[in-house]
Amino acid sequence: MSGRAQLMWDEAVTGYDFGPDHPMDPVRLALTRSLVGALGLDREVRVAAAAAAGESTLRLVHREDYVAAVKAASADPRSADGSYGLGTVDDPAFAGMHEASALIAGQSVGAAEAVWRGDALHAVNFTGGLHHAMPGAASGFCVYNDAALAIARLLELGAERIAYVDVDVHHGDGVQAAFWEDPRVLTISLHEHPRTLFPQTGWPEETGAETAEGSAVNVALPAGTGDAGWLRAFHAVVPEVLAGFRPQVLVTQHGADTHIEDPLAHLAVSLDAQRAVQLACHDLAHAYADGRWVALGGGGYAVVDVVPRSWTHLVAIAVGRPVEPATVIPESWRQEVYARTRQPAPRRMTDGRWPVSWADWEAGYDPADRLDQAVLAARRAVFPLRGLLA
Ligand SMILES: [Zn+2]
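Rules of the game
- Residues numbered from 1 in each chain as written.
- Predicted model: local features only at pLDDT ≥ 70, side-chain atom pairs only at ≥ 80, totals over all residues.
- Heavy atoms only, no water.
- Helix = DSSP H or I, 4+ residues; strand = E, 2+ residues; numbered from the N terminus.
- Buried < 20%, exposed > 50% of the residue type's maximum accessible area, 1.4 Å probe, protein only.
- Donors = N, O, S within 2.8 Å, 3.2 Å for Na, K, Ca; no water.
- Contact = heavy atoms within 4.5 Å.

1. Details of unusual backbone geometry
Phase 1 of the analysis: Across the junction of Phe198 and Pro199, the peptide omega takes the value 0°, indicating a cis bond.
Phase 2 of the analysis: Backbone torsion omega between Trp354 and Pro355 reads -5°, so that peptide bond is classified as cis.
Phase 3 of the analysis: Tracing the sequence through the fold places Pro355 in the loop between α10 (331-341) and α11 (370-382).
Phase 4 of the analysis: Phi angles above zero are rare outside glycine, and Phe141 is one such case at about 70°.
Phase 5 of the analysis: Along the chain, Phe141 falls in the loop between β3 (122-125) and α5 (146-156).
Phase 6 of the analysis: By relative accessible area, Phe141 is classed as buried at 9%.
Phase 7 of the analysis: Of note in the backbone geometry, Arg246 takes a positive phi value of approximately 50° without being a glycine.
Phase 8 of the analysis: Along the chain, Arg246 falls in the loop between α7 (227-245) and β7 (249-253).

2. So, the coordination of the zinc ion
Phase 1 of the analysis: Taken together, Asp168 (OD), His170 (ND1) and Asp257 (OD) make up the full set of protein donors to the zinc ion, lying 1.9 to 2.1 Å away.
Phase 2 of the analysis: Donor residues for the zinc ion sit on one chain with the sequence pattern D-x1-H-x86-D. You can see Asp168 sitting in the loop between β4 (162-166) and α6 (173-178) and its partner Asp257 sitting in the loop between β7 and α8 (271-288), a full 89 residues away along the chain. In this pair, the class of Asp168 matches that of Asp257, namely buried.

3. Observations concerning the environment of Phe383
Phase 1 of the analysis: Residue position: Phe383 is located in the segment after α11.
Phase 2 of the analysis: Look at Phe383 and you get buried, because its relative accessible area is 0%.
Phase 3 of the analysis: Considered as a pair, Phe383 and Gly214 are 169 residues apart in the sequence and their alpha carbons are 7.5 Å apart.
Phase 4 of the analysis: Apart from residues lying up to four places away in sequence, Phe383 is in contact with Ala236, Val237, Glu240, Val241, Ala378, Leu388, Leu389 and Ala390.

Set out below in structure tokens:
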């Protein structure tokens, strides 16, 4: 069962562009949007554009001086000198930076509002998931933290329990930081271990402030983790924690950079396992959040081969019409990919790994196995704080 789904889209989000030498190429958004259309999903989903997040919304998470700094850098990119993280290698300033960032944030806030008000049961903003932005600084290709803003808006509307699940290969540090002291927001992040990857946080021992002990959950996976390990870790931690928390809304972040082809990280996950986790998140929303689900994009730097297919699966799952992995991709989309990027497009909606299987945690674990050690570290750090057996 899926009910009405809403896809957030405004063509102008592709203005979020750090320039030709930057790995976060906005073509990934345009190609995802057109693949959604090419597979006929437009007919099943309401496509809506929300207004850009205004000053009062941005201030739910971001500091006044930081928003002013973004606006100044946006108006005069050459003035950005690295302060507030703006004008750095990761976050170079560009003309219109404030407007494009606020527009993406607006789509996530709009998705959250639609779900909270019941206009849609599920809402997707694959252009969002910019989870590294901090209250007072840009970081890791992220200017405004649309995920945190969507959650903050839900709190403002009266929500009392919101769960955030982040499966991007990088730690969801900005969202964790925004709600570090707030027991109403449970953040769960599965990511490559901080020892080997930016932003070098997301240790299992990070479990929330004293006022919110156990409200941050971190699963730090060894580099090289593949499909079976990734799914095993997800299922060993996420469902149990959500079952105990009973969120009113589930917000998920689906960075596609866990993929083995991703150039910026070192996990070895396939498109098929990403799809399996998307399906699991949808099921979890129905099991524990009355179906209320806000799904976001995130990282993903294999911009032709991975991102469009991964997030098209996400949209299809939210719509209630999952795309079969064996589906052949329409030639029209493949031609568009070549025209825009001069790269060959994938032929099918699978990496050939479907169905993906994993070993259930309940059936036992191997204390000598590095993946199992990572899962155990997460469970031992946080489960007792949540009244669960580690
Ligand atoms: Zn990432």
